Amino acid sequence: MQHSKILILDFGSQVTQLIARRVREAHVFCEVHPCDVSDDWVRAYAQDGTLKGVILSGSHASVYEDSTDRAPQAVFELGVPVLGICYGMQTMAQQLGGKVESGHTREFGYAEVRAHGHTALLQDIADFTTPEGHGMLKVWMSHGDKVTELPPGFEVMASTPSCPIAGMADEARKYYAVQFHPEVTHTVQGQALLNRFVLDICQASPDWIMGDYIEEAVQKIREQVGDEEVILGLSGGVDSSVAAALIHRAIGDQLTCVFVDHGLLRLNEGDMVMEMFEGKLHAKVIRVDASELFLGKLAGVSEPEQKRKIIGGLFVDVFKAEAAKLKAGDGGHKGATFLAQGTIYPDVIESGGAKSKKAVTIKSHHNVGGLPEQLGLKLLEPLRELFKDEVRELGVALGLPRNMVYRHPFPGPGLGVRILGEVKKEYADLLRRADAIFIEELGNFVDEATGKSWYDLTSQAFTVFLPVKSVGVMGDGRTYDYVVALRAVQTSDFMTADWAELPYALLKKVSGRIINEVRGINRVTYDVSSKPPATIEWE
Ligand code: XMP
């Protein structure tokens, strides 16, 4: 099936991905590419006629003059609608013959914008109307420079007192631009505006629907794999689980999943993964119990980076050994030629485009990048086009249980980075039980205002084991036992995060249960640090 598509050119804004997610929420397929793609690339991209419009993103540079990035001129020769956002508006203005100047007043944050001229983009979209009858929008602004002279053919579409050209339109060519950010939730009508652009102005068809997408994805996987065999590293996380379920739907027994249990998983996690994939989906899963190997190599090691390196390295070794066996084939099997990975679209955008990414390693993340080359296997990445929300929708549509698909993220090194300092089996066992109580109660406590459980209201929540002992009293006796910290954060991108204001009643219940039920822990604390300066995990 040919989907119509929207091209988003990324000038490096932190929120470019949000533009893409909003377009996808309108059920229109879109892709993000770096702003410096060539004119030829743009023409080739548009050649099959499925390209319905282009969006130019904002930039990380708040000052226009700091950046030399321009949109490929071919964008303005395609005959499709173009929407410029923030920096995208400025570059559009300048490239089409207008003028951009340094703003004397900077605007950051909330602003009220007045709509002008009943343009197709803003017609009937307003948060309120002034007594004089002007439609007003509540928006999020973030810019220093501004357009001071319209390019030929354009009219003013929106204004604020300090930014007389806060939006401009050339309705004949269907070029629109706004100085504010419609992609962020602070811009109340942002989704309405982007829907209007992609659906009405670009006339893109809203055919990007996960339930329907399964058939298409299954077809693609079958074509790519043919009668060959595939190996997939199953971690129990959302991405690898959904990838496994999708590939299994497509090729059944041609897929073998390898599940490496490093002994640092959550309570009953290994059994749950096996029950789901082997028990319910009847997929072939090899469970490798490597916990002794991992815990053995971790003995005596307390430095966080060293722990991460050991866990990551062993994981790769164990996985490689299993993959090599499968690659070699056996009686009934030819041997695998593909390695499947649950790479999702944000990973693709990050490794391809964004030039502005800082290259400081805060923590070395655990992944299996580079493995396909080392193993001499071809790569199968069926989720490469999807955002996390879409992966989850797809998972549900494939019949995976909601609680698996909507699970909080869990780091590759698992409890290894949640046990501070040296990792011991005794600590892991205590932590697993304490954490299971915390997670269970988060699910039980429902917030009255939203009707959602606190598990759903937090982005990530877990327990951290502190290898120190504190004195307590239980019954008539003194205790001298371990301490745990509860951690719960709210975030949309995991780059920054706020600690969650969990209700005291919930904290009280959790603390009471952990201390009563987990012999060996006598004190529970709550972590009230945000990121930055703290990180989400403690190590
Ligand atoms: P930090 O602790 O850096 O965590 O604020 C941000 C997010 O990344 C997760 N995380 C990892 N995920 N492998 C992963 O797959 C890792 O090595 C890893 N380390 C941290 C963390 O759980 C949080 O969601």
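Residues numbered from 1 in each chain as written. Predicted model: local features only at pLDDT ≥ 70, side-chain atom pairs only at ≥ 80, totals over all residues. Heavy atoms only, no water.

To continue, consider the environment of F108. Within the fold, F108 resides in strand β6 (residues 107-115). Owing to a relative accessible area of 48%, F108 belongs among the partly exposed residues under this scheme. Expressed as a C-alpha distance, the spacing of F108 and Q490, which sit 382 residues apart in the sequence, is 23 Å. (Helix = DSSP H or I, 4+ residues; strand = E, 2+ residues; numbered from the N terminus. Buried < 20%, exposed > 50% of the residue type's maximum accessible area, 1.4 Å probe, protein only.)

Our next topic: the nonpolar core. For soluble globular proteins, nonpolar side chains are generally found buried alongside one another. The biggest cluster of nonpolar side chains holds 53 residues, and the ones touching the most others in it are I231, L502 and I514. For this core, the element with the most residues is helix α9 (residues 304-328), which contributes nine residues. The residues that make up this core include at least three from each of domain 2 (210-406) and domain 3 (425-526). Among residues more than four places away in sequence, those in contact with I231 are T256, V258, F319, A323, L326, A336, F338, L339, A340 and L377. W208, L246, F338 and L380 belong to the second-largest nonpolar core, a separate cluster that totals 43 residues. (Core = buried A, V, L, I, M, F, W, Y, C linked by side-chain atoms within 4.5 Å. Domains from an automatic or database assignment. Contact = heavy atoms within 4.5 Å.)

Taken in spatial order, the ten strands line up as β2-β1-β3-β4-β12-β11-β10-β6-β8-β7 in an open sheet, and their pairing is mixed. Of all strands in the sheet, those with a lone pairing partner are β2 (29-34) and β7 (128-129), marking the two edges. Summarising the sheet, strand β1 (residues 5-11) and strand β3 (residues 51-59) pair through six bridges and their orientation is parallel. Counterpart to I6 in the pairing with β3 is G53. Running over the sheet, helix α1 (residues 16-25) touches β1, β2, β3 and β4 (82-85) and is turned about 165° from β2. (Pairing = 2+ DSSP bridges. Axes fitted to C-alpha atoms, helices over the stretch in contact; angles between N-to-C directions.)

Following the UniProt record, the feature "active site" (unreviewed entry) maps to C86, H181 and E183 here. Maximum C-alpha separation among the annotated residues is 10.9 Å over a sequence range of 98 residues, consistent with a single clustered spot. When you line up the elements, H181 lands in the loop between β12 (175-178) and α4 (190-201). By relative accessible area, which is 6% here, H181 ends up buried. If we ignore the near neighbours within four places in the chain, the residues touching H181 are V15, I85, C86, W140, S142 and T187. The topology assignment puts E183 in the loop between β12 and α4. Leave out the neighbours within four places in its chain, and E183 touches V15, L18, I19, R22, I85 and L194. (UniProt positions renumbered as here; feature names shortened; annotations may be inferred.)

All right, on to helix α8 (residues 291-298) then. Buried within α8 we find S291, F294, L295 and L298. Projected down its long axis, α8 carries its buried residues within an arc of 90°, all on one side. In this structure, the buried side of α8 is in contact with β14 (255-261), β15 (284-289), α9 and α14 (425-444). Just downstream of α8 lies G300, where phi reads positive at about 80°. (Arc of directions from axis to C-beta.)

Within the UniProt annotation, "binding site: ATP" (unreviewed entry) is assigned to S235, G236, G237, V238, D239, S240 and S241. Summarising the element assignment, V238 is placed in helix α6 (residues 238-251). Those residues in contact with V238 that lie beyond four places of it in its chain are K388, V391, R392, M404, V405 and R407. By secondary structure assignment, the location of S241 is in helix α6. S241 gets classed as buried once you look at its relative accessible area, which sits at 0%. Not counting the four nearest positions on each side in its chain, S241 is found in contact with L234, G236, F277, L400 and M404.

Reading across the sheet, the five strands line up as β15-β14-β13-β16-β17 and stay open at both edges, with parallel pairing between neighbours. The open sheet is flanked by β15 and β17 (378-380), the only strands paired with a single partner. Strand-to-strand, the axes of this sheet are offset by a mean angle of 30°, without reference to chain direction. Across the sheet, helix α5 (residues 210-225) lies against β13 (229-234), β16 (336-340) and β17, angled at about 170° from β17, the strand it touches most. Against the sheet, α9 touches β13, β14, β15 and β16, its axis set at about 150° to β14.

Another point: the domain arrangement of the chain. Each domain of the chain was delimited in the assignment, giving domain 1 (5-201), domain 2 (210-406) and domain 3 (425-526). A C-alpha centroid distance of 45 Å is found between domain 1 and domain 3.

The next subject is the packing of aromatic side chains. A complete count under the given rule lists ten aromatic pairs for this structure. Both rings, one in W208 and one in Y213, keep their centres 4.9 Å apart while their planes meet at 55°; by these two values the pair is tilted. Note on Y213: relative accessible area 3%, which makes it buried. Residues W499 and Y526 carry aromatic rings whose centres are separated by 6.2 Å and whose planes lie at 75° to one another, so their mutual orientation is edge-to-face. Of this pair, W499 sits in strand β20 (residues 498-499) while Y526 sits in strand β21 (residues 521-526); the two residues are 27 residues apart in sequence, bridging distant segments of the chain. Each member of the aromatic cluster is reached from another via a ring pair, and the members are F29, W208 and Y213. The ring of F410 has R266 sitting right over it, with the charged end atom 3.9 Å from the ring centre. Here the basic side chain of R418 rests over the ring of F462, its NZ or CZ set 3.8 Å away from the ring centre. (Phe/Tyr/Trp six-rings, centres within 6.5 Å; stacked < 30°, edge-to-face > 60°. Lys NZ or Arg CZ within 6 Å of the ring centre and 35° of its normal.)

What follows deals with unusual backbone geometry. P532 follows K531 through a cis peptide bond whose omega is -15°. As for its placement among the helices and strands, P532 is situated in the segment after β21. Residue P533 is reached from P532 by a cis peptide bond, and omega for that bond is 5°. Along the chain, P533 turns up in the segment after β21. At H118, a position not held by glycine, the phi torsion is positive, near 45°. Relative accessible area serves as the criterion here: at 65%, H118 is assigned to the exposed category. Positioned with a positive phi, F494 is a non-glycine residue whose angle comes to about 65°. Inspection of the secondary structure puts F494 in the loop between β19 (477-490) and β20. On the basis of relative accessibility, which here comes to 30%, the residue F494 falls in the partly exposed class.

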